[in-house]
Amino acid sequence: MQASTLPNLEAIDPSLILLDEKLPGGAYWHYVIKRGNTLRVTDLEGSQGVSMICYNADSPIERLNVADTAKIQFNAFVKKGMVIYSDMGRILFSITEDTSGHHDLICGCSNAASNAAKYGEGTYNKYGESDYNNSRNNFLKALGKRGLTRKDLMPNLNLFSRVAVHPNGDLEYVTGNEKPGSFIDLRAEMNVLVIISNCPHVLHPDTVYKPKPIQLTVWKSSAPAPDDLCRTANEEVIRGFINTDALFAQD
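Criteria and cut-off values
- Residues numbered from 1 in each chain as written.
- Predicted model: local features only at pLDDT ≥ 70, side-chain atom pairs only at ≥ 80, totals over all residues.
- Heavy atoms only, no water.
- Buried < 20%, exposed > 50% of the residue type's maximum accessible area, 1.4 Å probe, protein only.
- Helix = DSSP H or I, 4+ residues; strand = E, 2+ residues; numbered from the N terminus.
- Arc of directions from axis to C-beta.
- Disulfide = S-S within 2.5 Å.
- Pairing = 2+ DSSP bridges.
- Axes fitted to C-alpha atoms, helices over the stretch in contact; angles between N-to-C directions.
- Contact = heavy atoms within 4.5 Å.

Looking at an unreviewed UniProt entry, the protein chain carries the name Urea carboxylase, with the source organism given as Nostoc cf. commune SO-36.

Focus: helix α2 (residues 112-119)
For an α-helix, the turn length of 3.6 residues means that residues three or four places apart are oriented alike. Every buried residue of α2 is accounted for by S114, N115, K118 and Y119. Summarising the axial view, the buried residues of α2 lie within an arc of 100°, below the 170-degree limit, and thus occupy one face. Pointing more than 90 degrees away from the buried face of α2 are the exposed residues A113 and A117. G120 lies just past α2 and shows a positive phi near 90°.

Structural notes on the state of the cysteines
Applying the stated criterion across every chain, the model contains zero disulfides. C107 takes part in no disulfide bond, and the closest cysteine sulfur to it belongs to C109, at a distance of 11 Å. Free cysteine: C199, not disulfide-bonded; nearest cysteine sulfur from C109 at 8.9 Å.

Details of the pairing of strand β11 (residues 192-197)
Counting buried residues in β11 gives six out of six residues, a clear majority hidden from the surface. Here β11 shows a buried face lined by V192, V194 and I196 and a second buried face lined by L193, I195 and S197. In terms of strand pairing, strand β2 (residues 28-33) meets β11 through six bridges, oriented antiparallel. In the sheet register, W29 faces β11, and the bridge partner there is I196. Taken together, the six bridges between strand β4 (residues 50-56) and β11 define a ladder with antiparallel strand orientation. For N56, the partnering residue across the bridge sits in β11 and is V192.

A word on the sheet that holds strand β5 (residues 83-85)
Strand order in the open sheet formed by six strands is β1-β12-β3-β10-β6-β5, with antiparallel pairing between adjacent strands. In the strand order of this sheet, the two ends are held by β1 (17-23) and β5, each with one partner. For this sheet the average axis-to-axis angle between neighbouring strands, irrespective of direction, equals 20°. Relative to strand β12 (residues 214-220), β1 runs antiparallel, the two sharing six bridges. Paired with K22 across the bridge in β12 is Q215. Against the sheet, helix α4 (residues 235-246) makes contact with β5 and β6 (91-98), and its axis sits at roughly 125° relative to β6, the strand it touches most.

Here it is, written out as structure tokens:
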């Protein structure tokens with residue numbers, strides 16, 4: 001574990017930290033967050049967006065469902081107290097803390113075509129790939145390393161991204177909300193395979209490719225209290241947790 005530069009890390013008991021590392025702009029990361037542990041994603045320098053997908057690590061056929069996450073909670077933008085649903089009605093993550101307040105479920109991720117249209121052709125590195133990395137390709141690379149393929153890719157969640165929906169349905173990225181040092185805490189409610197691509201949001205208007213680094217910290221978090229904000233938010237989420245906890249019930 002490398003020494004941390006993470007703002008607000010003093011709130012976490014260092015003896016509980018399992019992993020703490022910086023992810024450069026344009027890079028990707030994949031890791032299994034064990035049930036009960038928390039992943040903190042921190043915006044270090046004013047992010048242009050971070051894309052994320054996730055799966056039940058024990059049975060990856062179950063995975064993130066952004067449509068249900070929005071529909072069940074009546075909100076296309078997640079925040080503290082909300083949860084991330086799987087396509088089987090169970091809970092992948094609880095959002096136990098959030099100092100950003102801007103995470104969208106509806107815009108998808110960058111790809112080679114969107115990057116070429118925004119940034120141009122760019123230069124190519126020694127691996128024969130454009131230096132303008134995109135989230136779709138990053139996701140596919142990470143999936144391959146986990147024995148998964150293109151068919152396992154689904155719509156993603158975008159962290160640190162404020163998007164406005166206009167009355168005519170047009171979507172607009174809203175700049176000026178970047179807050180270096182802001183973070184989101186994601187408590188795993190099952191064993192979760194998470195894949196993060198640190199590439200700019202597909203709608204970010206900057207035509208210069210300059211994604212910012214983020215910090216990724218995993219720690220052994222406390223067991224949720226009976227009045228846990230996420231677990232008691234409403235009747236729908238209570239049912240989701242009943243279904244999730246049943247996976248881990250002792251015979």
